[in-house]
Amino acid sequence: MIRLRPWKKADFEELLGWFSDEESFYKWSAGKFEWPLTMEQLLQYYEQFEENKNGWIFAALDENGSLTGHLMMRRADYEKNSIHFGFIVVSPRMRGKGAGKSMMSQALKYAEEILGMERATLGVFENNPAARHCYEAAGFQAKGMSEEFFSWRGTGWAVVIMEARL
């Protein structure tokens, strides 16, 4: 069972070790952070969300209370009852075990039952089929492609826009 709780600064130390290569790091960060990830970058990110009334950072915990995943919710729109998820990552020790699907299912439940949202969106790179499969398993469906591309080492990564109706 996966549980969600607010992210704590103390969680960042573990998150720093979750990215073993530059490509997977950029699939997670989309250039919003620089490789290699540092505590300074993470603390700045945390402080930005402390000031953001329409966004939150969450930790996913396993049944023993160990850190299993990270995600953020932002752009909460209370008129359209919509929220956007991002920076989704699962601990390497938990990948391939259903933790990502469970984390996303809990996030959707939180968005619906606590925030009163009717729709959640996210973007995933087209070249990240494992993440896309995880999101589909949790209830997201592809709705189209973003007009934006992320450029990495001379290649352009297309972004699939996904949506879940709650």
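Please read all numbers here as calculations on a predicted model, not as lab measurements.

Draft legend 1. Here's a closer look at the pattern of salt bridges. All told, the structure shown has seven salt bridges when counted by the stated rule. Among the ionic pairs, Asp11 bridges to Arg5, the shortest N-O distance being 2.9 Å. Assessed through its relative accessible area of 8%, Asp11 is described here as buried. Put simply, Glu163 and Arg165 hold a salt bridge, and the shortest N to O gap is 3.3 Å. Among the residues examined, Glu163 registers a relative accessible area of 11% and is labelled buried.

Draft legend 2. How the structure looks around unusual backbone geometry. For the bond from Trp35 to Pro36, the omega torsion is -5 degrees, close enough to zero to count as cis. Looking at where Pro36 falls in the secondary structure, it is placed in the loop between α2 (22-29) and α3 (39-51). Positive phi is not limited to glycine here, since Phe87 has a value of about 45 degrees. With respect to the helices and strands, Phe87 occurs in strand β4 (residues 82-90).

Draft legend 3. Main features of the packing of helix α4 (residues 99-113) against helix α5 (residues 129-138). Direction vectors running N to C along α4 and α5 enclose 50 degrees, while the axes themselves pass 8 Å from each other. One finds that α4 runs oblique with respect to α5. For α4 against α5, the interelement crossing comes out right-handed. Residue-level contacts link Gly100, Lys101, Met104, Ser105 and Leu108 of α4 to Cys134, Tyr135, Ala137 and Ala138 of α5.

Draft legend 4. Quick look at the side chain of Ser91. Mapped onto the fold, Ser91 is located in the loop between β4 and α4. Given the relative accessible area of 3%, Ser91 is considered buried. Leave out the neighbours within four places in its chain, and Ser91 touches Trp18, Leu67 and Thr68.

Cut-offs and rules
Residues numbered from 1 in each chain as written. Predicted model: local features only at pLDDT ≥ 70, side-chain atom pairs only at ≥ 80, totals over all residues. Heavy atoms only, no water. Salt bridge = Lys/Arg side-chain N within 4 Å of Asp/Glu carboxyl O. Buried < 20%, exposed > 50% of the residue type's maximum accessible area, 1.4 Å probe, protein only. Helix = DSSP H or I, 4+ residues; strand = E, 2+ residues; numbered from the N terminus. Axes fitted to C-alpha atoms, helices over the stretch in contact; angles between N-to-C directions. Parallel < 35°, antiparallel > 145°, perpendicular 65-115°, else oblique. Left-handed = near helix turned anticlockwise from the far one by under 90°. Contact = heavy atoms within 4.5 Å.

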